[in-house]
Amino acid sequence: MGGELMGGEVILVEQREGWHRLVLNRPAKLNALTTQMIVELLAAIDAAEADAGCRAVVLTGEGRGFCAGQEVGTEFMAGPNGPPDLQALADRYHHEVVRRIRESRLPFVCAVNGVAAGAGASFALAADIVLAGRSAVFVQAFIRIGLVPDSGATFFLPRLVGDARARALAMLGDAIDADTAERWGMIWKAVDDEALASEAEALALRLAQSPAGALAGIKQLFEAAAGSLRTQLDLEARLQGEAGRSADFAEGVRAFQDKRPPRYS
Ligand code: T3D
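Conventions used here
- Residues numbered from 1 in each chain as written.
- Predicted model: local features only at pLDDT ≥ 70, side-chain atom pairs only at ≥ 80, totals over all residues.
- Heavy atoms only, no water.
- Salt bridge = Lys/Arg side-chain N within 4 Å of Asp/Glu carboxyl O.
- Helix = DSSP H or I, 4+ residues; strand = E, 2+ residues; numbered from the N terminus.
- Buried < 20%, exposed > 50% of the residue type's maximum accessible area, 1.4 Å probe, protein only.
- Expected span 1.5 Å × (residues − 1).
- Arc of directions from axis to C-beta.
- Near = heavy atom within 4 Å.
- Polar contact = N/O pair within 3.5 Å; in protein donor to acceptor, adjacent residues only side chain to side chain.
- Nonpolar A, V, L, I, M, F, W, Y, C, P; charged D, E, K, R; others polar.
- Axes fitted to C-alpha atoms, helices over the stretch in contact; angles between N-to-C directions.
- Parallel < 35°, antiparallel > 145°, perpendicular 65-115°, else oblique.
- Left-handed = near helix turned anticlockwise from the far one by under 90°.
- Contact = heavy atoms within 4.5 Å.
- Core = buried A, V, L, I, M, F, W, Y, C linked by side-chain atoms within 4.5 Å.

**Side note on the pattern of salt bridges**
Two side chains with opposite charge may pair up if their charged atoms get near one another. Tallied over the full model, the rule gives 19 salt bridges. Between Glu242 and Arg238 there is a salt bridge; the shortest N-O distance is 3.6 Å. Linking Glu242 with Arg238, this pair stays in helix H9 (residues 229-244), spanning four residues, or about one helical turn. The class for Glu242 is partly exposed, based on a relative accessible area of 41%. In this structure, the salt-bridge partner of Arg260 is Asp258, at a minimum N-O distance of 3.5 Å. The network of salt bridges with shared partners includes Glu14, Arg16, Arg21 and Glu201.

Here you go:
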């Protein structure tokens, strides 16, 4: 049962009765994030927020990936004017998505339908309730290309899985499957792939029929209890800016594009 289809080119928006479904839509690239995608995603979040009839949001991805993080390509390469400004990229785009999800009045359900890597994993963990299909994996991919975790990863992960596991995930960049993510408390539930969309829809409907003011209050209370996400995002952005100027990052990007293991100095 579909709703009204809206959105842009790379973010699809379905307006259902009482909730919106936002779909990352660059399946050939596992929904890797471009600036256009972030701009459209921010607009879709704003539209949900502004729609008085909207009581919940589901975020998911098209195809076999949820989101492979920032596009490692032209937007993310050293250009003619030197290395990219990753601090600005994080501040203006990725971190804005995270801030709006966490500060929204609306409950966000993330339906992780496949790999969630880098900022993609952070976007998933920013949601209030995270479901994942059993074939999904979570990867702190940042280290693989010489970056630090951002988009709130260093805020969410230690709170969800504890410091020991969070540090190892961030430093090793190993993939964690959905069942392990559930066992570790990183997500709410792992479900069979075929059941993911219907389970997410059932949750959204339930939330849409719950007391909206109380849900908004719960979000606000958990944000206050967790401490300052904004401060941590600022620090992540600053350190990402430094990482973006490193030779290791340049090598990480080249190696990814050449489809070979990186050789870090
Ligand atoms: O300032 C800031 O905020 C900086 C922001 C940083 C945030 C970040 O997200 S940094 C991390 C960026 N992401 C990555 O480094 C992940 C790169 N991708 C991968 O490591 C792997 O693709 C996956 C582990 C996610 C999945 O592997 P696999 O084997 O299932 O798929 P694949 O074959 O590698 O990918 C399929 C296609 O998607 C492939 O394209 P092709 O060869 O078929 O044309 C691949 O190149 C493309 N793709 C996957 N991820 C990205 C991507 N293209 C561009 N950027 C990507 N991130």
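That was the structure; now back to the text.
**Points about H9**
The end-to-end C-alpha distance of H9 is 22 Å, a good match for the 22 Å that 16 residues give at a rise of 1.5 Å each. Turning to H9, its buried residues number three or more, namely Leu229, Leu233, Glu236, Ala237, Gln240, Gly241, Ala243 and Gly244. All buried residues of H9 lie within an arc of 160° about the axis, which places them on one face of the element.

**Structural notes on the site of the ligand**
Near the ligand, the surroundings consist of 28 residues, among which Lys29, Val72, Leu86, Asp150 and Lys259 are the closest. Take Gln70: an N or O atom from its main chain is 2.8 Å from an oxygen atom of the ligand. Of all elements in the fold, only helix H2 (86-103) and strand S7 (115-117) reach the threshold of two or more residues within the shell around the ligand. When residues in the shell around the ligand are grouped by element, the largest group, four residues, is from H2. Taken together, the residues of the shell around the ligand break down into 17 nonpolar, five polar and six charged.

**Digging into the packing of helix H3 (residues 119-126) against helix H4 (residues 153-161)**
Viewed as axis vectors pointing N to C, H3 and H4 meet at an angle of 60°, and their least axial separation amounts to 9 Å. Between H3 and H4, the crossing angle belongs to the class labelled oblique. Where H3 crosses over H4, the two elements pack in a sense that is left-handed. Contacts between H3 and H4 involve Ser122, Leu125 and Ala126 from the first element and Ala153, Phe156, Leu157 and Leu160 from the second. Its residues placed into classes, the contact of H3 with H4 shows six nonpolar, one polar and no charged.

**Brief notes about the nonpolar core**
Judged by nonpolar contacts, the single largest core of 52 residues is most densely connected at Leu41, Phe66, Val112, Phe138 and Met186. At seven residues, the largest contribution of residues to this core is made by helix H1 (residues 35-50). If near-sequence neighbours (up to four positions away) are discounted, Val112 is found in contact with Phe66, Ala124, Val130, Leu131, Ala132, Gly133, Ala136, Phe138 and Leu196. Ranked by size, the runner-up nonpolar core spans 13 residues in total, among them Ala56, Val109, Leu207 and Leu215.

**Section: helix H10 (residues 247-258)**
Since the α-helix turns once every 3.6 residues, residues separated by three or four places project in the same direction. A rise of 1.5 Å per residue sets the reference length of H10, with its 12 residues, at 16 Å; its end C-alpha atoms lie 16 Å apart and thus fit the reference within 8%. Of all the residues in H10, the buried ones are Phe249, Glu251, Gly252, Val253 and Ala255. The inward-facing, buried residues of H10 abut H2 and H9. At the C-terminal side of H10, Lys259 shows a positive phi close to 55°.

Note that every value here comes from positions in space, so none of it alone points to a role or purpose.
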